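Reading the structure
Each chain is listed here by its residues.
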Amino acid sequence: MVCLLKYTGAALAVASTAIASPATVQVEARKAPLIPNGKKAGSAGGRAVHHWKDHIGWWYDWTPKPSGHDEVMGVSMLWGDGHQGKTDSDRLHAFQKLRDTPQYLLGLNEPDCHGKDSADLRVAQGVSLWNQYIAPKGRAGSLLGSPAMCKQKDEGWLAKFRDQALDADWDFTAIHVYKDSMQGVQEDIDHYWNKYRKPIWVTEFACVSDHPQWAPCQDQGKINTFIRDVVDLFERNEHVMAYAYTDGGGLAPNWLPTNNDGSQLSESGRTYLNAIKKYN
């Protein structure tokens, strides 16, 4: 369960160790940088990619083969096992047909939660999917992202998953960050770094008060301040290799980065663009 990192400026090369029982087997180092295309900033969802394209290094749409925005590298994902409805089933079938080896592969979206927006998997189901579909891509050369949890700083699923007989370890820990303060964001990052000692990709982030209950930020001024501050935090944090502004549901309408038809950036979308332009 060792991930050896060699840092050279913004580029990082990774050598990963596959997990076998009882012995471990060394796998040849992969070439892809852990900071995709040298730019940490990205997009979770394609709504604003063409507006941000010159300043982001990656994007994804929760599918095995993102399409529609060839100007920015799309990152592959195996979302779930197909039981959460047609979209989930279609994604699984598309992954089963995937013949190429993506540079990066995200594994399992919120398996620790119920509801249509989460994969909702038992740990044993997650292990089976990982070993059958994800680990072989890792051995072929993909850099693997961990399952991303719905519950932040909660080890009810991921720690149990990693204790199982996985055929390959992940190369970076994928996390979701839904907070409304930089203290909360930093605590999330610190938790996953201290627990797993792996580089971190924040594959979804948004301004949300998650205590005592889920309450998306509504005030535009607060949203703007959060975006500017969180981009600075992610860019300066040595453990964060990538981060993605999410188009996802359940958030305030003014969080969405574009207007309804996607032709123009919203104030939030413009704020993110101006924040990332300082770095890319």
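Description of the structure in this document. (Residues numbered from 1 in each chain as written. Predicted model: local features only at pLDDT ≥ 70, side-chain atom pairs only at ≥ 80, totals over all residues. Heavy atoms only, no water.)

**Some words on the packing of helix α5 (residues 182-196) against helix α6 (residues 220-236)**
It is the contact of α5 with α6, at a shortest axis distance of 10 Å, that shows an interaxial angle of 30 degrees. If you check the angle between α5 and α6, you find them roughly parallel. For the element pair α5 and α6, the recorded crossing hand is right-handed. Residues Met182, Val185, Gln186 and Ile189 of α5 pack against Phe226, Asp229, Val230, Leu233 and Phe234 of α6. (Axes fitted to C-alpha atoms, helices over the stretch in contact; angles between N-to-C directions. Helix = DSSP H or I, 4+ residues; strand = E, 2+ residues; numbered from the N terminus. Parallel < 35°, antiparallel > 145°, perpendicular 65-115°, else oblique. Left-handed = near helix turned anticlockwise from the far one by under 90°. Contact = heavy atoms within 4.5 Å.)

**Section: the pairing of strand β7 (residues 104-107)**
Regular strands have side chains that alternate between both faces of the sheet. Neither face of β7 is open: one carries Tyr104 and Leu106, the other Leu105 and Gly107, and all of them are buried. Both strand β6 (residues 76-78) and β7 contribute to a ladder of three bridges, which runs parallel. When the sheet's bridge partners are listed, Leu78 is paired in β7 with Gly107. Of the crossover connections in this fold, the one passing from β7 over helix α3 (residues 123-140) to the parallel strand β8 (residues 143-145) is right-handed. (Buried < 20%, exposed > 50% of the residue type's maximum accessible area, 1.4 Å probe, protein only. Pairing = 2+ DSSP bridges. Right-handed = clockwise from strand over helix to strand, strands pointing away.)

**So, the state of the cysteines**
Among covalent bonds in proteins, the disulfide is the one between the sulfur atoms of two cysteines. Overall, the coordinates contain two disulfides when judged by the stated rule. Disulfide pairing places Cys113 opposite Cys150 at an S-S distance of 2.3 Å. Measuring handedness by torsion sign, the sulfur bridge of Cys113 and Cys150 sits at about -75 degrees and is left-handed. Taken as a pair, Cys113 in the loop between β7 and α3 and Cys150 in the loop between β8 and α4 (158-162) lie far apart in primary sequence, 37 residues in all. Here Cys113 falls in the buried class, since its relative accessible area comes to 10%. Shown here is the disulfide that connects Cys207 with Cys217, its sulfur atoms set 2.0 Å apart. Measuring the twist about the S-S bond at about -70 degrees, one finds the Cys207-Cys217 disulfide to be left-handed. Residue Cys207 is located in strand β10 (residues 200-209), and its partner Cys217 is located in the loop between β11 (215-216) and α6; the two are separated by ten residues in the primary sequence. Like Cys217, Cys207 is buried. Along the protein chain, the cysteines that take part in disulfide bonds pair up as 1-2, 3-4, counted in sequence order. (Disulfide = S-S within 2.5 Å.)

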